[in-house]
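Architecture and fold: a report
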Amino acid sequence: MAGCGVKRTELAVLRLLADGETHSGAAIAEALGVSRAAVWKALRRLADGFGVEVLARRGQGYHLSAPLELFDAAKIRALLPISVLALIEEIEIHFSIESTNSRLMGLAKAGASGGRVCLAEHQQRGRGRQGRTWVAPFGHSILLSTLWHYPFGPAGLSGLSLATGVAVAEVLCDWGVSGLSLKWPNDVLWRGRKLAGLLIEVTGESHGPTRVVTGLGLNLRIPAHLATAIDQPWVDLQGALGAGDPGRNRLAARLIVALVTTMDRYGREGLEPFLASWESFDLYRGRPVSVLVGGRRVNGRHMGIRADGALRILTDSGEAVFHAGDVTLRSGHAGADS
């Protein structure tokens, strides 16, 4: 597992504590062959540097606020079908990174090949749409990006966020989550609250080829003390399922399969194969909405999406079409979210 500023002792301590049980400082030091002072420093670094919730029981030792299943590239690869492995150049896992999207965008601009997958336990500068910060507690989210190449230009990618949104929603439905919906262009909601988001970034020539990074952030468990930093209605998978940890490596593998096969199919067939599924998840179709784009707000009725992924809004002046923007249910109508 690659790291950003993480020391081997910190990673070893975390792996020992990942079972959620209480371990004494002396036992940790003996197991790792280091001093108790080194253990204490590692614990402080995990808490202060990476936000890991390390709790102490007086006279007993240390434990995490909840067990952790750290990402494991070998386990994830073992869960992928041969057909998907054939499409993947590399799977890299980081202990802490600026962001998975930034990592792959840097590789893309340097000319790296496609078919790359990047996961991280922690992001220092996680990003959402509209410049928002993505809140993701260490080890309790899916932070996943893919790098893909397409022979055509950015204009042909207008529906990619919708196709990948469908892919994520279908995985979660199969996982047992009911009440899911999609908000144009790339939010996955549960009962109107944000469960996951996608961020797509593009580099390349206007007529192609194009390199595309698709980033996914999925909330698994968000502690209450971090919720105050989230500026919109949210939910985590634990809340949506009403159950505990679903198994991060298994879920990550399922999402990788869905995203990789979707991006491959999109390159051959475009958005058309995903339209019917999108419409079945469409949250606001037929409802009064506002669209904010470039500082301008347009009110109207959500009429669905076009074949190229553009949003259709029926206004008092006729139909308007949007290729970007932030959509909200109009104020005063039940179920609004920001």
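Scroll up to find the structure.
Counting restarts for each chain, with residues numbered from 1 along the sequence as it is written. Given that the model is predicted, a residue must reach a pLDDT of at least 70 before its local features are reported, and side-chain atom pairs must reach 80 or more before they are shown or counted; all residues, however, enter totals for whole chains, interfaces and linings. Side-chain measures were taken over the full set of non-hydrogen atoms in the model, leaving aside hydrogen atoms and water.

1. Some words on the packing of aromatic side chains
Aromatic ring pairs are described here by two measures, namely the spacing of the ring centres and the angle between the planes. Ring pairs shown here join Phe, Tyr and Trp side chains whose ring centres sit within 6.5 Å, with only the six-membered ring taken for Trp; geometry is labelled stacked below 30 degrees between planes, edge-to-face above 60, and tilted in between. The final tally for this structure, using the stated rule, is four aromatic pairs. When the ring of phenylalanine 50 is compared with that of phenylalanine 95, the centres are 5.0 Å apart and the planes differ by 90°; the resulting orientation is edge-to-face. Within this pair, whereas phenylalanine 50 is found in helix α3 (residues 36-50), its partner phenylalanine 95 is found in the loop between β3 (90-94) and α6 (100-109), the two being separated by 45 residues in sequence. On the basis of an interplanar angle of 20° and a centroid distance of 5.2 Å, the ring pair of tyrosine 150 and phenylalanine 152 is categorised as stacked. Categorising residues by exposure relies on relative accessible area from a 1.4 Å probe, with only protein chains included: less than 20% of the type maximum marks a residue as buried, more than 50% marks it as exposed, and the intermediate range marks it as partly exposed. The exposure class assigned to tyrosine 150 is buried, which follows from its relative accessible area of 3%. For a Lys NZ or an Arg CZ to count as sitting over a ring, it must be within 6 Å of the ring centre and within 35 degrees of the ring normal. When the ring centre of phenylalanine 71 is taken as origin, the NZ or CZ atom of arginine 248, which lies over that ring, is 3.8 Å away. In this structure, arginine 265 is placed above the aromatic ring of phenylalanine 274, and the distance from its NZ or CZ to the ring centre is 5.7 Å. Only DSSP runs of H or I covering at least 4 residues are called helices, and only runs of E covering at least 2 are called strands; the numbering of each starts at the N terminus.

2. Some remarks on the sheet that holds strand β7 (residues 187-190)
Two strands qualify as a pair provided that DSSP identifies no fewer than 2 bridges between them. Reading across from one edge, β3-β4-β5-β9-β8-β7-β6 is the order of the seven strands in this open sheet, with mixed pairing throughout. The sheet terminates laterally at β3 and β6 (180-183), the two strands that pair on one side only. Strand-to-strand twist of the sheet, defined as the mean angle between neighbouring strand axes without regard to direction, takes the value 15°. Any two residues whose heavy atoms approach within 4.5 Å are treated as being in contact. In this analysis, axes come from line fits to C-alpha atoms, helices being fitted only over the stretch in contact, and the angle between any two N-to-C directions falls in the range 0 to 180 degrees. With respect to the sheet, helix α7 (residues 160-174) is in contact with β5 (141-150), β6, β7, β8 (193-204) and β9 (210-219), its orientation differing from that of β8 by roughly 145°.

3. Describing the packing of helix α1 (residues 8-17) against α3
One can describe the packing of α1 onto α3 by two numbers: an axis separation of 9 Å at closest approach and a directional angle of 85°. By the criterion of interaxial angle, the relationship of α1 to α3 is roughly perpendicular. Of the residues in α3, those in contact with Thr9, Glu10, Val13, Leu14 and Leu17 of α1 are Ala38, Ala42, Leu43, Arg45, Leu46 and Phe50. Taken together, the residues of the contact of α1 with α3 sort by class into eight nonpolar, one polar and two charged. Oblique is the label for every angle not falling under 35 degrees (roughly parallel), over 145 degrees (roughly antiparallel), or within 65 to 115 degrees (roughly perpendicular). When residues are grouped by polarity, Ala, Val, Leu, Ile, Met, Phe, Trp, Tyr, Cys and Pro land in nonpolar, Asp, Glu, Lys and Arg in charged, and all others, Gly among them, in polar.

4. Let's talk about the pattern of salt bridges
Every case where a carboxyl oxygen of Asp or Glu lies within 4 Å of a side-chain nitrogen of Lys or Arg is listed as a salt bridge. The full count for this structure, using the stated rule, is 15 salt bridges. Put simply, arginine 45 and glutamate 10 hold a salt bridge, and the shortest N to O gap is 3.9 Å. One end of the pair, arginine 45, is in helix α3; the other, glutamate 10, is in helix α1, with 35 residues separating them in the sequence. The residue aspartate 187 makes a salt bridge to lysine 194 at a minimum N-O spacing of 3.1 Å. For aspartate 187, a relative accessible area of 6% translates into the label buried. Bridged by salt links that share partners, the residues Asp264, Arg265, Arg268 and Glu269 form one connected network.

5. Here we look at the side chain of histidine 94
Relative to the assigned elements, histidine 94 resides in strand β3. Residue histidine 94 is classed as buried on the basis of its relative accessible area, which comes to 9%. Nitrogen and oxygen atoms within 3.5 Å of one another constitute a polar contact, given that in protein one can donate a hydrogen and the other can accept it, and given that sequence-neighbouring residues count only through two side-chain atoms. Within the local environment of histidine 94, its side chain forms a polar contact with the side chain of glutamate 92, the two groups lying 2.8 Å apart.

These figures come from the coordinates and say nothing about function on their own.
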